[in-house]
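What follows is the residue order along each chain.
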Amino acid sequence: MSPYDPSAFPPFAVTVDLVVLTVRRHALCALVVRRGEQPFQGRWALPGGFVRGDEDLSAAAARELSEETGLCAHDPAAPDVGNGAHLEQLATYGDPKRDPRMRVVSVAHLVLAPDLPAPRAGGDANSARWAPVDELLQMDAQTGAGLAFDHERILADGVERARSKIEYSSLATAFCPPEFTVGELRRVYEAVWGVALDPRNFHRKVTGTPGFLVPAGGTTTRQGGRPAQLFRAGGATLLNPPMLRPEV
């Protein structure tokens, strides 16, 4: 075996890109920032940035989320990155031409949270906003100028991850406040899946799935009408039986 020759390998960088999803006005929305620098200056992009030499990937993702938007995320495997949204690794993207500056490998992360406030821009972002995912995924066809880099693909992968995971896991509760009604949880499923669900069947399924929900011991009228019972997320991480997506 020949000795290691660093000059034989071109320099490359590692970045983190964030698919931040929430439910706003009964629609699944993603966080995007308008780039303030080249490349793709002025284009909308997912929040993210370069990983520092002494930085863990999850810590880099949490830092970029905070710097560019003012939001905070929590990774159960890395309790020192802060409290807030659910954070998990999504996938790695390494097409040699994905970034015109140099060879850049991106480790994308998925962030899920309840209805979040308007974000604030920072870092190299000029502005930040929540936008319906359907609008973002159709930008290319409508305007000829879609999301920067390969962020449309990353966003699509993140949305599909979220749609799949709420079928067999309790992750849908990450979109809810600590105490929520069955109706509020149903609207999460409807927003993420993009379908209408029968309220009675949904109530029967979620309350009958062991460990999914536990009564919080109170009621609320914030949805209007009669008081609705409040629940919290139960201890189950996997749902048995799963909440299967309706065929559309």
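Now for a quick tour of the structure. (Residues numbered from 1 in each chain as written. Predicted model: local features only at pLDDT ≥ 70, side-chain atom pairs only at ≥ 80, totals over all residues. Heavy atoms only, no water.)

### Focus on helix α5 (residues 182-193)
Phase 1: Over its twelve residues, α5 extends 16 Å from the first C-alpha to the last, a length consistent with the 16 Å expected when each residue adds 1.5 Å.
Phase 2: The buried fraction of α5 amounts to eleven of the twelve residues, a majority that puts the element mostly inside the structure.
Phase 3: Contacts from the buried residues of α5 go to β1 (12-24), β2 (27-35), α4 (151-168), α6 (199-208), β9 (213-220) and β10 (228-233). (Helix = DSSP H or I, 4+ residues; strand = E, 2+ residues; numbered from the N terminus. Expected span 1.5 Å × (residues − 1). Buried < 20%, exposed > 50% of the residue type's maximum accessible area, 1.4 Å probe, protein only. Contact = heavy atoms within 4.5 Å.)

### Comments concerning the side chain of T173
Phase 1: Structurally, T173 is set in the loop between α4 and α5.
Phase 2: For T173, a relative accessible area of 13% corresponds to the buried category.
Phase 3: Excluding its chain neighbours within four sequence positions, the residues that come into contact with T173 are F180, L185, F212, L213 and A233.

### Quick look at the packing of aromatic side chains
Phase 1: Taken as a whole and assessed by the stated rule, the structure comprises three aromatic pairs.
Phase 2: Residues F40 and F149 carry aromatic rings whose centres are separated by 4.8 Å and whose planes lie at 70 degrees to one another, so their mutual orientation is edge-to-face. Taken as a pair, F40 in the loop between β2 and β3 (44-45) and F149 in the loop between α3 (139-143) and α4 lie far apart in primary sequence, 109 residues in all.
Phase 3: Judged by relative accessible area, F40 falls into the partly exposed class, the value being 25%.
Phase 4: For F149, a relative accessible area of 18% translates into the label buried.
Phase 5: Taking the centre distance of 5.4 Å and the plane angle of 65 degrees together, the rings of Y189 and F202 count as edge-to-face. On the criterion of sequence distance, the pair formed by Y189 in helix α5 and F202 in helix α6 is long-range, its members being 13 residues apart. There is no split in this pair, since Y189 and F202 are both buried. (Phe/Tyr/Trp six-rings, centres within 6.5 Å; stacked < 30°, edge-to-face > 60°.)

### Here's the deal with the side chain of E64
Phase 1: Structurally, E64 is set in helix α1 (residues 57-69).
Phase 2: Every residue in contact with E64, bar those within four places of it in the chain, is listed here: V16, L18, G48, G49 and F50.

### Concerning the packing of α4 against α5
Phase 1: Running from N to C, α4 and α5 cross one another at 140 degrees; their axes reach a closest spacing of 9 Å. Taken together, α4 and α5 sit at an angle that is classed as oblique. Viewed along their axes, α4 and α5 form a crossing whose handedness is left-handed. Where α4 approaches α5, its residues A162, R163, I166 and E167 are matched on the opposing element by Y189, V192 and W193. (Axes fitted to C-alpha atoms, helices over the stretch in contact; angles between N-to-C directions. Parallel < 35°, antiparallel > 145°, perpendicular 65-115°, else oblique. Left-handed = near helix turned anticlockwise from the far one by under 90°.)

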